[in-house]
Amino acid sequence: MQLLDTENLSLVPEYSKEPIIIQHHHSSSSITATPVTPTTLKDTTFTNEDFQSFVKTNLTNLKYELKSMAFSIETIMNPWTVIVNESSEIVWPISNDEELDNIEKLLDNRLIRNNQAIILSRSADINISDTIRRIMQQLFTDQFLRQYSYSGFKGKHKFSTLRCCRLLFDSLRKIKKFDAVPDVDIICALSKWMAQATNRIHKKESKSKN
């Protein structure tokens, strides 16, 4: 709720001074919490812009808190999942054959592959094509990807036999709204994305010249 400040002719936020009672359904205890307010600013100088900035900051913090909670829940639901140590972490994107060989070896480890699939599944978008685009942009550079096609078409290297390909499918299956999407739909969207690698390179080069 906002009140009109007749002297400054600006909207001044009104905050409740009553504590918020948060009830736990699985416990007889309750938690009393005081509403978060921008205490660093006086009400008389707190403008609409200040309030919008305050809300935006807190929503951003909430966003990252929710992401952290989602990852914790995923770990609880899959107790065999572990976070691999830093020496086993994979650095993306792949830009040459040596990097591909090293990552393919790492992905042979089920725990590493599952951990990477969980991370990549957070790139979910509105549809399967956009989600594949976001994931593939993390995994490969276009310069490297243009050497591949899904089935090895036109003499290119075959992508479908790579563990990276399996990782992509695993990542998509961890996204609830895509867990029942037919493989053929995934393959179709993936093939189209890969086939446009050279065109994307040319577009980037044209933009850089301009």
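Residues numbered from 1 in each chain as written. Predicted model: local features only at pLDDT ≥ 70, side-chain atom pairs only at ≥ 80, totals over all residues. Heavy atoms only, no water.

The name given to the chain in an unreviewed UniProt entry is DUF4806 domain-containing protein, with the source organism recorded as Macrosiphum euphorbiae.

If you tally the helices and strands in the chain, you get eight helices and six strands. The secondary structure elements of the chain, listed N-terminal to C-terminal, are β-β-β-β-α-α-α-α-α-β-β-α-α-α. Out of the 210 residues belonging to the chain, those deemed buried represent 29%. Nonlocal contacts in the chain, meaning residues at least 24 apart in sequence, comprise 55% of its contacts between residues at least 6 apart. On the chain, roughly 14500 Å² of surface is accessible, and the fraction owed to carbon and sulfur atoms is 54%. (Helix = DSSP H or I, 4+ residues; strand = E, 2+ residues; numbered from the N terminus. Buried < 20%, exposed > 50% of the residue type's maximum accessible area, 1.4 Å probe, protein only. Contact = heavy atoms within 4.5 Å. Areas by Shrake-Rupley, 256 points an atom, 1.4 Å probe, with all protein chains shown as cover.)

Attention now moves to the environment of L168. Structurally, L168 can be placed in helix α6 (residues 163-173). C-alpha of L168 to C-alpha of M136: the two residues are 32 residues apart in sequence and 8.0 Å apart in space.

This part covers the confidence of the model for the chain. The pLDDT averaged across the chain works out to 78; a share of 68% of its residues lies at or above 70. Counting interchain partners and residues more than four positions distant, the pLDDT-below-50 stretch residues 1-36 has 46 contacts. (pLDDT = per-residue confidence, 0-100.)

Before going further, it helps to examine the packing of aromatic side chains. Considering all chains together, one arrives at three aromatic pairs under this definition. Both rings, one in F144 and one in Y148, keep their centres 5.4 Å apart while their planes meet at 40°; by these two values the pair is tilted. Since its relative accessible area comes to 2%, F144 is described here as buried. Through a chain of ring-to-ring contacts, three or more aromatic side chains come together here, namely F140, F144, Y148 and F159. (Phe/Tyr/Trp six-rings, centres within 6.5 Å; stacked < 30°, edge-to-face > 60°.)

A few words now on the nonpolar core. Grouped together as the largest cluster of nonpolar side chains are 35 residues, with contacts concentrated most on W92, M136, F140, F159 and C164. Counting residues per element, the ones that place at least two in this core are α2 (97-106), α3 (110-120), α4 (128-139), α5 (142-145), α6 and α7 (183-195). Element by element, the count of residues in this core is highest for α6, at six residues. Among residues more than four places away in sequence, those in contact with F140 are P93, I94, L100, L145, F159 and C164. (Core = buried A, V, L, I, M, F, W, Y, C linked by side-chain atoms within 4.5 Å.)

Attention shifts here to helix α8 (residues 197-209). Compared with the 18 Å implied by 1.5 Å per residue over 13 residues, the 19 Å span of α8 between its first and last C-alpha is a close match. For α8, the complete set of buried residues consists of A197, R200 and I201. Projected down its long axis, α8 carries its buried residues within an arc of 100°, all on one side. Of the exposed residues in α8, the ones pointing more than 90 degrees away from its buried face are K203 and K209. (Expected span 1.5 Å × (residues − 1). Arc of directions from axis to C-beta.)

Let's shift gears to α2. Inspection of α2 places L100, I103 and E104 among the buried residues, and these make up the whole buried set. Angularly, the buried residues of α2 cover 105° about the axis, an arc narrow enough to put them on a single face. Exposed residues lying more than 90 degrees from the buried face of α2 are E98 and K105. Where α2 starts, the residue carrying a side-chain oxygen 3.2 Å from the main-chain nitrogen of E98 turns out to be N96. (Polar contact = N/O pair within 3.5 Å; in protein donor to acceptor, adjacent residues only side chain to side chain.)

Tallied over the entire structure, the rule returns nine salt bridges. A salt bridge links R134 to D125, with the nearest nitrogen and oxygen atoms 3.8 Å apart. Judged by its relative accessible area of 34%, R134 is partly exposed. Under the relative-accessibility criterion, D125 is labelled partly exposed at 21%. Residue R173 pairs with D183 through a salt bridge whose shortest N-O separation is 2.5 Å. One end of the pair, R173, is in helix α6; the other, D183, is in helix α7, with 10 residues separating them in the sequence. With relative accessibility at 25%, the residue R173 sits in the partly exposed group. (Salt bridge = Lys/Arg side-chain N within 4 Å of Asp/Glu carboxyl O.)

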